[in-house]
Amino acid sequence: MNSLVIRDVEVEGRAGLDVRIADGRIAEIGPRLAHRGDALDGQGGALIPGLVDHHIHLFALAAQAESLTLEGVASAPAFRSRIEAALAAQPPGRWLRVTGYHEAMAGELSREALDAIAPRNPIRVQHQTGSLWVLNSLALAAVGADAATSPSLERDAAGRPTGRIWRGDAWLREQLADAPPALAAVGAQLAALGITAVTDASVTTDAGAAARLADAHRAGELPQRLTLMSGGALDAPADGAFAVGPVKVLLDDHDLPPLDDFVAWIGRARAWGRPVATHCVTAGELALTLAALQSAGARPGDRIEHGGVIPAEAVDVIRELGLTVVTQPAFVLERGDRYLAEVDAAEQGDLYRCASLLAAGTPVAASSDAPYASPDPWRGMAAAIQRRTLGGQPLGPSERVGAAEALAMYLGAPGSPGGAPRRVEIGIAADLCLLRTPLREALAAPAANLVAATVIGGRLICQA
């Protein structure tokens with residue numbers, strides 16, 4: 001019988017307790033328990049349920065390690081300088097993958113703009129939303145863009161590729177024969193943050209991608225419990241290496257589908273016995289989603305992903321439909337200064353709502369959307385509590401939540417985001433996060449360095 005005793009921890013507000021784990025579950029909680037296996041000294045820190053990231057993109061996060069990121073870039077000269085510095089360190093002809101671009105940096109990118117910066121290397125630049133890649137001429141030639149028929153490939157009036165590829169990740173991978181990135185570093189990174197379960201929200205997940213994620217989980221490279229969304233049918237493996245989540249519906253404001261088509265997508269999800277999770281960053285995407293769910297009929301488990309813009313009049317509709325909102329508080333911090341500059345002041349309170357949704361009775365769960373925001377849930381908690389930008393400005397301060405509410409948004413079960421927070425109690429699966437301090441102190445200033453250890457299924461996965 002595998003056994004672990006975690007000594008001297010705070011559990012549900014009670015200090016000085018020991019927790020005994022056996023066969024992957026909590027078997028006993030009390031003071032000075034008998035030693036029956038390995039021991040971990042909690043040193044008075046809080047023992048809480050492991051955190052859940054309810055919306056993440058695992059392969060994209062893994063690929064980020066091999067990319068040039070544009071964090072901190074705020075001008076065209078800085079954009080050019082960052083890329084030129086990276087290219088100077090590699091030989092002509094080698095690919096450069098760049099992530100995190102936004103038009104506020106250097107305007108709308110094109111193949112010609114990138115040719116001027118990178119004339120000797122193929123380069124592809126991803127928009128920070130993840131929806132768009134821009135390639136220079138060398139990169140377009142390498143992927144055979146001139147002869148390609150992919151609908152993702154944008155062309156000008158003369159039929160020439162502009163370099164802009166919309167929602168074309170799967171096509172690009174096929175053209176480049178990219179090997180899937182290794183996932184061990186991602187698994188370790190998430191474990192160090194206290195994350196014990198994730199929902200991968202990628203619409204492109206098919207049987208092959210799911211199998212690779214399952215193999216990484218079985219090998220221990222990705223120890224977190226996995227739930228996978230997909231755009232099509234998907235079956236869970238018999239060994240439980242992953243659970244199947246909602247069908248992902250990916251909307252783009254510039255190319256919204258007819259309502260009848262959307263309702264048909266929902267019908268396919270229902271035929272597979274699954275709810276839907278719809279990408280809603282804009283008010284237009286949200287309006288179409290609510291209309292489709294009113295027409296098709298909402299069901300438990302249907303989700304609004306992001307909730308980037310939720311007008312006040314939509315709050316009650318979301319509640320009446322029984323939807324869950326899975327949002328990303330870190331966007332308020334990381335992109336908030338740009339929102340303040342670009343979004344009308346009267347609409348800034350609609351951005352990434354939390355408090356008003358909770359007050360209306362709508363379940364709200366938090367997530368990262370990594371790599372499009374930081375995967376750090378403690379950063380997300382701080383952002384939900386403070387509602388301040390990197391520049392220190394308030395953004396939608398009425399949407400602030402308390403510290404306990406911010407933590408609870410990461411404690412819902414993977415299959416019930418925004419549901420009742422999991423608790424540390426006898427009989428539950430031992431997916432746990434040990435903190436360095438009592439919980440009250442940790443929530444006063446949430447930070448990743450407060451995580452002392454992470455346990456998944458009763459196994460000590462990492463210890464700081």
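The coordinates are above.
About the thresholds
- Residues numbered from 1 in each chain as written.
- Predicted model: local features only at pLDDT ≥ 70, side-chain atom pairs only at ≥ 80, totals over all residues.
- Heavy atoms only, no water.
- Axes fitted to C-alpha atoms, helices over the stretch in contact; angles between N-to-C directions.
- Helix = DSSP H or I, 4+ residues; strand = E, 2+ residues; numbered from the N terminus.
- Parallel < 35°, antiparallel > 145°, perpendicular 65-115°, else oblique.
- Left-handed = near helix turned anticlockwise from the far one by under 90°.
- Contact = heavy atoms within 4.5 Å.
- Nonpolar A, V, L, I, M, F, W, Y, C, P; charged D, E, K, R; others polar.
- Buried < 20%, exposed > 50% of the residue type's maximum accessible area, 1.4 Å probe, protein only.
- Pairing = 2+ DSSP bridges.
- Polar contact = N/O pair within 3.5 Å; in protein donor to acceptor, adjacent residues only side chain to side chain.
- Core = buried A, V, L, I, M, F, W, Y, C linked by side-chain atoms within 4.5 Å.
- Salt bridge = Lys/Arg side-chain N within 4 Å of Asp/Glu carboxyl O.

Enquirer: For the packing of helix α10 (residues 283–296) against helix α11 (residues 312–320), give the residues involved together with the corresponding values.
Expert: Orientation of α10 relative to α11, taken along the N-to-C sense of each, is 30 degrees, at an axis distance of 11 Å. In terms of axis orientation, α10 runs roughly parallel to α11. Crossing of α10 against α11: the hand is left-handed. Judged by residue contacts, L286, L290 and Q294 of α10 engage A314, V317 and I318 from α11. The residue inventory of the contact of α10 with α11, partitioned by class, reads 5 nonpolar, 1 polar and no charged.

Enquirer: Break down the pairing of strand β9 (residues 123–127) for me, with residues and values.
Expert: Most of β9 sits out of view: 5 of its 5 residues are buried. As judged from the 4 bridges shared by strand β8 (residues 96–101) and β9, these two strands associate in the parallel manner. The residue bridging L96 from the neighbouring strand is I123, located in β9. Adjacent in sequence and paired antiparallel, β9 and strand β10 (residues 132–135) are bridged by 4 residues, among which G130 carries a positive phi angle near 80 degrees.

Enquirer: Describe in detail the environment of S230, supporting the description with residues and values.
Expert: Along the chain, the position of S230 falls in strand β14 (residues 225–230). Residues S230 and A207, 23 residues apart in the sequence, show an inter-C-alpha distance of 9.3 Å. Leave out the neighbours within four places in its chain, and S230 touches S202, V203, T205, P246, V247, K248 and R274. A distance of 3.0 Å separates the side chain of S230 from the side chain of R274, its partner in a polar contact.

Enquirer: Mind laying out the sheet that holds strand β7 (residues 68–69), listing which residues take part and the relevant values?
Expert: Read from one edge to the other, the open sheet built from 6 strands follows the order β7-β8-β9-β10-β12-β11, with strand pairing classed as mixed. In the strand order of this sheet, the two ends are held by β7 and β11 (153–155), each with one partner. The pairing of β9 with β10 spans 3 bridges and is classified as antiparallel. Pairing of R124 across the sheet is with L135, part of β10.

Enquirer: Hey, could you go over the nonpolar core for me, with residue numbers and the actual values?
Expert: Formed by 65 residues in total, the largest nonpolar core has its most connected members in L51 and L58. Element by element, the count of residues in this core is highest for α10, at 5 residues. Beyond its immediate chain neighbours, meaning those up to four positions away, L51 contacts L193, G194, I195, T196, A197, P377, W378, M381, L407, Y410 and L411. By size, the runner-up hydrophobic cluster in this structure holds 19 residues, among which are I83, V98, I117 and V134.

Enquirer: Before we move on, could you go through the side chain of H54 and cite the residues and values that matter?
Expert: Inspection of the secondary structure puts H54 in strand β6 (residues 51–56). H54 sits in the buried class, given a relative accessible area of 0%. Look past the residues within four positions of H54 in its chain and what remains in contact with it is T199, R303, V326, A365, A366, S367, M409, G412, A413, P414 and P417.

Enquirer: Could you give an account of the side chain of S230, with specific residues and numbers?
Expert: Look at S230 and you get buried, because its relative accessible area is 0%. Here the side chain of S230 touches G232 through a polar contact of 2.6 Å, landing on its backbone oxygen.

Enquirer: Just give me the short version of the environment of R274, but keep the residues and values in it.
Expert: The topology assignment puts R274 in the loop between α9 (259–271) and β16 (276–280). The buried category is assigned to R274, whose relative accessible area is 5%. Once the C-alpha coordinates of R274 and P300 are considered, the two residues, 26 residues apart in sequence, prove to be 9.6 Å apart. When sequence neighbours within four positions are dropped, the list of residues in contact with R274 reads L228, M229, S230, G232, A233, L234, V244, G245, P246, V247, A269 and R299. There is a polar contact of 3.0 Å between the side chain of R274 and the backbone oxygen of G232.

Enquirer: So what about the pairing of strand β12 (residues 161–166)? Which residues, and what values?
Expert: Burial of β12 is extensive: 5 of the 6 residues sit out of reach of the surface. Of the pairings in the sheet, the one linking β10 to β12 comprises 3 bridges and is antiparallel in character. Bridge pairing in β12 places W133 opposite I165. In sequence, β11 turns back onto β12 through a hairpin of 5 residues, with G159 there showing a positive phi of about 85 degrees.

Enquirer: Account for the pattern of salt bridges, with residues named and values stated.
Expert: Going through the model one piece at a time under the given rule, you end up with 19 salt bridges. Its salt-bridge partner being E154, residue R164 comes within 3.4 Å of it at the nearest N-O pair. Of the two residues, R164 is situated in strand β12 and E154 in strand β11; the sequence distance between them amounts to 10 residues. On the accessibility criterion, R164 (8% relative accessible area) is buried. Three or more residues are tied together by salt bridges with common partners; here these are E108, E154 and R164.

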